[in-house]
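Next come the chains, spelled out residue by residue.
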Amino acid sequence: MNKQLNPRQIKTIQNFWTWFQDNEQAIYHALKLGINSDEVMKYFDQNLDYVSKRIKCIFYENPSKTNNYHIIFSAFGYKKLFPKIMALGDIAPRLEYFTVQTFIKPFTKDNFNQI
């Protein structure tokens, strides 16, 4: 899957990360404390939908870092979206409250208890 993203698609992903950085603390508080969680997640989904309506994410508390959530972006096997998923990971900025992962890693006996 060597499909190249066009400049417009890359700009959309950059815009998503700019929005995410501007709202990182609100997203963290929505997840951790439940503050405005419905509204914040509605806007998160809306901004992610600009990248692709088929890309979804999973948030979970990072067990190895305090005050940190893990965010996994996945296309759930839809290969046409793999370039966008990879770009989401490549373009992702350094975040204070989140660790970014692309694709859901398969479970093995070695990593089963890491989540």
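Residues numbered from 1 in each chain as written. Predicted model: local features only at pLDDT ≥ 70, side-chain atom pairs only at ≥ 80, totals over all residues. Heavy atoms only, no water.

Draft legend 1. Representation of the overall build of the protein. Each helix and strand counted, the protein has 4 helices and 3 strands in total. In sequence order, the secondary structure elements of the protein are arranged as α-α-α-β-β-α-β. Residue pairs at least 24 apart in sequence account for 65% of intrachain contacts in the protein once pairs closer than 6 positions are excluded. Here the protein displays about 7,700 Å² of accessible surface, and carbon together with sulfur accounts for 49% of that area. (Helix = DSSP H or I, 4+ residues; strand = E, 2+ residues; numbered from the N terminus. Contact = heavy atoms within 4.5 Å. Areas by Shrake-Rupley, 256 points an atom, 1.4 Å probe, with all protein chains shown as cover.)

Draft legend 2. The pattern of salt bridges, seen in detail. Here the structure, examined in full by the defined rule, presents 1 salt bridge. Between Glu 61 and Lys 32 there is a salt bridge, with its nearest N and O atoms 2.6 Å apart. One end of the pair, Glu 61, is in strand E1 (residues 56-61); the other, Lys 32, is in helix H2 (residues 24-33), and 29 residues separate them in sequence. Of the residues examined, Glu 61 reaches a relative accessible area of 43% and is grouped as partly exposed. Given the relative accessible area of 35%, Lys 32 is considered partly exposed. (Salt bridge = Lys/Arg side-chain N within 4 Å of Asp/Glu carboxyl O. Buried < 20%, exposed > 50% of the residue type's maximum accessible area, 1.4 Å probe, protein only.)

Draft legend 3. Region of interest: the nonpolar core. Ranked by size, the top nonpolar core spans 27 residues in total, and within it Phe 16, Phe 20, Phe 44, Phe 73 and Phe 98 carry the most contacts. Of all the elements in the fold, those that place two or more residues in this core are helix H1 (7-22), H2, helix H3 (37-51), strand E2 (69-74) and helix H4 (82-91). Among all residues touching Phe 98, those that are not within four sequence positions of it are Phe 20, Glu 24, Ile 27, Tyr 28, Leu 31, Phe 59, Asn 68, Tyr 69 and Ile 71. (Core = buried A, V, L, I, M, F, W, Y, C linked by side-chain atoms within 4.5 Å.)

Draft legend 4. Molecular detail of the packing of aromatic side chains. Going through the model one piece at a time under the given rule, you end up with 15 aromatic pairs. With centroids separated by 6.0 Å and ring planes inclined at 75 degrees, the aromatic side chains of Tyr 28 and Tyr 69 adopt a geometry described as edge-to-face. Of the two residues, Tyr 28 is situated in helix H2 and Tyr 69 in strand E2; the sequence distance between them amounts to 41 residues. The burial state of Tyr 28 is the same as that of Tyr 69; both residues are buried. Taken together, a centroid distance of 5.0 Å and an interplanar angle of 85 degrees make the contact between Phe 82 and Phe 103 edge-to-face. Of this pair, Phe 82 sits in helix H4 while Phe 103 sits in the segment after strand E3 (98-102), placing them 21 residues apart in sequence. On the basis of relative accessibility, which here comes to 21%, the residue Phe 82 falls in the partly exposed class. (Phe/Tyr/Trp six-rings, centres within 6.5 Å; stacked < 30°, edge-to-face > 60°.)

Draft legend 5. Local environment of the environment of Val 51. Here Val 51 shows up in helix H3. Along the backbone, Val 51 and Ile 85 are 34 residues apart, and their C-alpha atoms lie at a distance of 9.5 Å. In contact with Val 51, not counting residues within four places along its chain, are Thr 12, Ile 13, Phe 16, Lys 84 and Leu 88.

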